Amino acid sequence: LGRACDDPEPGMREQALRLGERFYPTSPDACRRAATLADDRSARVRFQLALSAGRMPREARTDVLAGLLSREADPWVQTAALV
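So, here's what we can say about the structure.

Reading the values: rules and limits
The residue numbers shown here count from 1 along each chain, following its written sequence. Where local features are concerned, this predicted model is filtered to residues with pLDDT of at least 70; where side-chain atom pairs are given and counted, the filter is 80 or more; whole-chain, interface and lining totals use all residues. Here the side-chain values reflect all heavy atoms present in the structure, with hydrogen atoms and water set aside. Buried Ala, Val, Leu, Ile, Met, Phe, Trp, Tyr and Cys residues form a nonpolar core when they are joined through side-chain atoms within 4.5 Å. Partly exposed residues are those whose accessible area sits between 20% and 50% of the maximum for their type, while under 20% is buried and over 50% is exposed, using a 1.4 Å probe and protein chains only. Secondary structure elements follow DSSP: runs of H or I no shorter than four residues count as helices, runs of E no shorter than two count as strands, and numbering proceeds from the N terminus. Contacts were defined at the residue level, with two residues in contact if any of their heavy atoms lie within 4.5 Å. Our working definition of a disulfide is a cysteine sulfur pair at a distance within 2.5 Å. Grid points spaced at 1 Å and placed over the protein atoms alone form the basis of the search, with a cavity being a set where a 1.4 Å probe fits but cannot get out and a pocket an open set showing protein on both sides within 12 Å along at least five of seven lines. Lining residues have an atom within 4 Å of a point. Grid points are joined across faces, edges and corners, and a volume is the space filled by probe spheres set on the points. Think of it as three bins: nonpolar holds Ala, Val, Leu, Ile, Met, Phe, Trp, Tyr, Cys and Pro, charged holds Asp, Glu, Lys and Arg, and polar takes everything else, Gly as well. When we speak of the arc, we mean the arc of directions from the helix axis to the C-beta atoms.

Quick word on the nonpolar core
Piece 1. The biggest cluster of nonpolar side chains holds 21 residues, and the ones touching the most others in it are L17, Y24, L49, M56 and L68.
Piece 2. If you list the elements that add at least two residues to this core, you get helix 1 (2-5), helix 2 (10-20), helix 3 (28-35), helix 4 (43-52), helix 5 (58-71) and helix 6 (75-82).
Piece 3. Residues in contact with L17, not counting those within four places in the same chain, are Y24, A34, L37, V45, Q48, L49 and S52.

Quick notes on the state of the cysteines
Piece 1. Considering all chains together, one arrives at 0 disulfides under this definition.
Piece 2. For the unlinked cysteine C5, the closest cysteine sulfur is that of C31, found at 12 Å.

Describing the layout of surface pockets
Piece 1. By volume, the largest pocket is sized at about 170 Å³.
Piece 2. Along the walls of the largest pocket sit 14 residues, with P28, C31, R32, E59 and A60 positioned nearest its centre.
Piece 3. Tallied by class, residues from the lining of the largest pocket come to 9 nonpolar, 2 polar and 3 charged.

With respect to helix 2
Piece 1. Every buried residue belonging to helix 2 is among R13, E14, A16, L17 and G20, and all of these are buried. Down the axis of helix 2, the buried side of the element spans an arc of 155°, and every buried residue falls inside it.
Piece 2. Packing partners of the buried residues in helix 2 comprise helix 1, helix 3 and helix 4.

In short, shape yes, function no, at least from these values alone.
Below, the structure is given as structure tokens:
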């Protein structure tokens, strides 16, 4: 998953977040790696991160969503982060 998160293709990074969801509840490393995509240039990747954060433990989820909301201009990403 780490290599997929670094892929130049946004669709690969988006899929990496989806595939990582099963690891987030028990892997702080997977949560940290996913959180690095909060600044991704693709709104679709940031949108998926907002959705996938729901599978993270509370502290990691709070950090990811707060980070997204503090600098996000895309209304779809904002909505996903607030849901």
